[in-house]
Amino acid sequence: MTQHRILLGVLVFITGQFGSVSTQSQYVCKTFGGGTIKTFNETLFYVKSTCPVTLTHFSYGEVDCFISVQRDSTGFMKKVEIVVNKVATTIQDGMLTVQGNRVSLPYDQTYQSVYTFGIYTKLRSKVLPLSVIWYSFPEGVTSLWIQLDLPLVDEMTGMCGRLNSDENRAQLLYSNIIRNEKCITEDNRKVTDTNKTCQRFQSMAMECVDMDPFVDLCEQNVYNVHNLVKC
């Protein structure tokens, strides 16, 4: 039953709809599971890394935005960092902080609001047409998406991509993984889906999404990750 709820949550996250609330924006970048990323241009790929990964970094109207995530070896995002207009919001080990100070929800200040958004948590910037939404367990964040209601630009960096981006997966990894001696980025590999997780996902989602890329990603994602972030 728990796995069915998890799979349903992943399906809702992928399609961008839950209840009567739409999460459709001009551009959306998502990361979910143990390392799946869907770029602003809707390219899908999988990255298994315990290093900090830059999702997006850009400036707009003299406001700088930087968003990164770092997963542990089981696939949970143990640290999410959102820096907009020099205000740093961090989700780490189940704790939400702004400028290093722990905050409770709802939280509202001059530059942003953070509040419960259905089963998710949402940060809405007041200085950029930007929102960040995430779903978390005490162990860490399992899914996160960035909603951007402004044009992409060539100067953007990050795994989420940019305007006219032609980088392949290897180039994006090289440019946007912040490497150090304590973290590891592994080659992608598939394993036998002995628990039929991907098969159940396919049966639930076949009428909602193009299944071929998702099944392939699911088979990579079930390798050596926590049950709560599988698929």
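None of these values were measured; they are calculated from a predicted model.

1. Things to note about the overall build of the protein chain
Helix and strand counts for the protein chain stand at 4 helices and 18 strands. A buried classification covers 51% of the 231 residues belonging to the protein chain. Sequence-distant contacts, at least 24 apart, represent 50% of the contacts inside the protein chain between residues at least 6 apart. Counting every atom, the protein chain has about 11,400 Å² of accessible surface; 48% of that belongs to carbon and sulfur.

2. Some words on unusual backbone geometry
The amide bond that connects Leu105 to the next residue, Pro106, takes the cis arrangement and shows omega of -5°. Mapped onto the elements, Pro106 comes out in the loop between strand 12 (101-102) and strand 13 (107-108). Positioned with a positive phi, Glu62 is a non-glycine residue whose angle comes to about 70°. Positionally, Glu62 belongs in the loop between strand 7 (52-60) and strand 8 (63-71). The exposure class assigned to Glu62 is exposed, which follows from its relative accessible area of 83%. A positive phi angle, near 55°, is found at Gln99, a position not held by glycine. For Gln99, the position within the fold is in the loop between strand 11 (95-98) and strand 12. The exposure class assigned to Gln99 is partly exposed, which follows from its relative accessible area of 47%.

3. Some points on the layout of surface pockets
Over the atoms rolls a probe the size of a water molecule, and its path tells where empty space is left. Here the second largest pocket is characterised by a volume of approximately 250 Å³. Elements supplying a minimum of two residues to the lining of the second largest pocket: strand 11, strand 15 (120-125) and strand 16 (130-137). Here the lining of the second largest pocket takes 4 residues from strand 16, the largest share from any one element. Classifying every residue of the lining of the second largest pocket by side-chain character gives 11 nonpolar, 4 polar and 1 charged.

4. Re the confidence of the model for the protein chain
Across the protein chain, the average pLDDT comes to 80, with 70% of residues at or above 70. A low-confidence stretch, residues 1-22 (pLDDT under 50), is modelled with 53 contacts involving residues beyond four sequence positions or located in other chains.

5. Comments concerning the environment of Leu105
Within the secondary structure, Leu105 sits in the loop between strand 12 and strand 13. A C-alpha to C-alpha distance of 7.0 Å links Leu105 and Thr116, two positions 11 residues apart in sequence. Here Leu105 is in contact with Leu96, Val114, Tyr115, Thr116 and Thr121, once residues within four sequence places are set aside.

6. So, the nonpolar core
Counting 42 residues, the largest nonpolar core has Leu55, Ile82, Trp134, Leu144, Ile146 and Met159 as its most contacted members. Among the elements of the structure, strand 7, strand 8, strand 9 (77-84), strand 10 (87-92), strand 11, strand 16, strand 17 (140-148) and helix 2 (169-176) are those that each provide at least two residues to this core. Core analysis: the next-biggest nonpolar cluster, separate from the first, contains 5 residues, Val28, Phe117, Ile133 and Trp145 among them.

7. A word on the state of the cysteines
All told, the structure shown has 2 disulfides when counted by the stated rule. Across a sulfur-sulfur distance of 2.0 Å, Cys29 and Cys160 are joined as a disulfide pair. With the S-S bond torsion at -80°, the cross-link from Cys29 to Cys160 turns out left-handed. Taken together, the positions of Cys29 in strand 3 (residues 27-32) and Cys160 in the loop between strand 17 and helix 2 put the pair 131 residues apart, joining distant regions of the chain. Of the two residues, Cys29 and Cys160, both sit in the buried class. Looking at the unpaired Cys65, the closest cysteine sulfur is the one in Cys160, lying at 9.7 Å.

8. Brief notes about the packing of aromatic side chains
On inspection of all chains with the given rule, the structure shows 4 aromatic pairs. Pairing Tyr27 with Phe40 gives two aromatic rings, centres 6.4 Å apart and planes at 75°, and the pair type is edge-to-face. Taken together, the residues Tyr27 in strand 3 and Phe40 in the loop between strand 4 (36-38) and strand 5 (44-46) connect sequence positions 13 residues apart. Put simply, the rings of Tyr120, Tyr135, Phe137 and Trp145 touch in pairs and so form one group of aromatic residues. One Lys or Arg, Lys122, reaches over the ring of Phe117 and ends 4.6 Å from the middle of that ring.

Cut-off values and rules
- Residues numbered from 1 in each chain as written.
- Predicted model: local features only at pLDDT ≥ 70, side-chain atom pairs only at ≥ 80, totals over all residues.
- Heavy atoms only, no water.
- Helix = DSSP H or I, 4+ residues; strand = E, 2+ residues; numbered from the N terminus.
- Buried < 20%, exposed > 50% of the residue type's maximum accessible area, 1.4 Å probe, protein only.
- Contact = heavy atoms within 4.5 Å.
- Areas by Shrake-Rupley, 256 points an atom, 1.4 Å probe, with all protein chains shown as cover.
- 1 Å grid on protein atoms, 1.4 Å probe; cavity = no way out; pocket = protein on both sides within 12 Å on 5 of 7 lines; lining within 4 Å.
- Points joined across faces, edges and corners; volume = space filled by probe spheres on them.
- Nonpolar A, V, L, I, M, F, W, Y, C, P; charged D, E, K, R; others polar.
- pLDDT = per-residue confidence, 0-100.
- Core = buried A, V, L, I, M, F, W, Y, C linked by side-chain atoms within 4.5 Å.
- Disulfide = S-S within 2.5 Å.
- Phe/Tyr/Trp six-rings, centres within 6.5 Å; stacked < 30°, edge-to-face > 60°.
- Lys NZ or Arg CZ within 6 Å of the ring centre and 35° of its normal.

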